[in-house]
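Here is what each chain is made of, one letter per residue.
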Amino acid sequence: MLFLEYERMEYERSLIMRVLLLILIVVYPVCAGAAAADLPESQTFFNENISVIIQGKCIACHIVGGQAQSTGLTYLTSTQTNAQQTNYEMLSTFIEEDSAEGETVLENARGLNHGGGVQLPSSSAQYANMSSFIDLVNAEKNAPPDSDGDGVSDLEDAFPDDP
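Residues numbered from 1 in each chain as written. Predicted model: local features only at pLDDT ≥ 70, side-chain atom pairs only at ≥ 80, totals over all residues. Heavy atoms only, no water.

**Student:** When you look at the overall build of the chain in this model, what are you seeing that I'm missing?
**Tutor:** When its secondary structure is counted, the chain shows five helices and zero strands. Across the 163 residues in the chain, those meeting the buried criterion constitute 23%. The long-range fraction of contacts in the chain, counting pairs at least 24 apart against all pairs at least 6 apart in sequence, stands at 41%. In the structure as shown, the chain presents an accessible area of about 10,800 Å², 59% of it carried by carbon and sulfur atoms. (Helix = DSSP H or I, 4+ residues; strand = E, 2+ residues; numbered from the N terminus. Buried < 20%, exposed > 50% of the residue type's maximum accessible area, 1.4 Å probe, protein only. Contact = heavy atoms within 4.5 Å. Areas by Shrake-Rupley, 256 points an atom, 1.4 Å probe, with all protein chains shown as cover.)

Structural data, given as structure tokens:
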């Protein structure tokens with residue numbers, strides 16, 4: 001009799017574990033996708049394509065105490081807390097503050113007026129990615145507001161505060 005009770009408890013525990021695992025498998029990707037969807041497109045693009053450029057090509061000089069610290073663009077190394085977020089904000093704000101700065105970033109990457117010389121040849125995929133990032137930042141800056149984040153601008157949205 002005791003053995004049957006133990007077997008029933010083990011079965012129930014196994015069933016509960018399976019249900020929890022199923023919930024985790026179904027719910028986690030949905031939640032993770034929602035978090036990624038909340039990021040601006042430029043930030044997702046930065047995280048996937050530009051952060052590696054910053055860390056590989058720019059970080060040696062564009063850090064506090066580096067040769068380019070006075071340029072207005074100083075980044076955090078990948079080992080520092082919130083480096084990717086901070087670096088995204090640094091570069092996107094630099095571009096947003098003056099529309100000409102995006103072109104300056106591209107010129108410097110090609111070695112024009114840049115103490116670090118050529119970092120991204122204009123024919124490289126990394127240069128194309130940097131150019132695309134700048135275009136995304138400028139497009140988001142100039143986009144009409146969307147207060148509820150439903151993808152419809154407030155000007156066209158019948159309920160701009162209701163997602």
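From this point, the narrative continues.
**Student:** I tried to follow the packing of aromatic side chains on my own but got confused; where do I start?
**Tutor:** Pairs of aromatic rings are described using the distance from one ring centre to the other and the angle between the two planes. Scanning the entire structure with this criterion turns up three aromatic pairs. Relative to Phe 133, the ring of Phe 46 has its centre 5.6 Å away and its plane inclined at 55 degrees; by these criteria the two rings are tilted. Linking Phe 46 in helix α2 (residues 41-58) with Phe 133 in helix α5 (residues 125-142), this pair joins segments that are 87 residues apart in sequence. For the pair shown, Phe 46 and Phe 133 are each scored as buried. When the ring of Tyr 88 is compared with that of Phe 133, the centres are 6.2 Å apart and the planes differ by 70 degrees; the resulting orientation is edge-to-face. Here the residue Tyr 88 occupies a position in helix α3 (residues 83-97), and Phe 133 occupies one in helix α5, the gap between them amounting to 45 residues. For Tyr 88, a relative accessible area of 8% translates into the label buried. (Phe/Tyr/Trp six-rings, centres within 6.5 Å; stacked < 30°, edge-to-face > 60°.)

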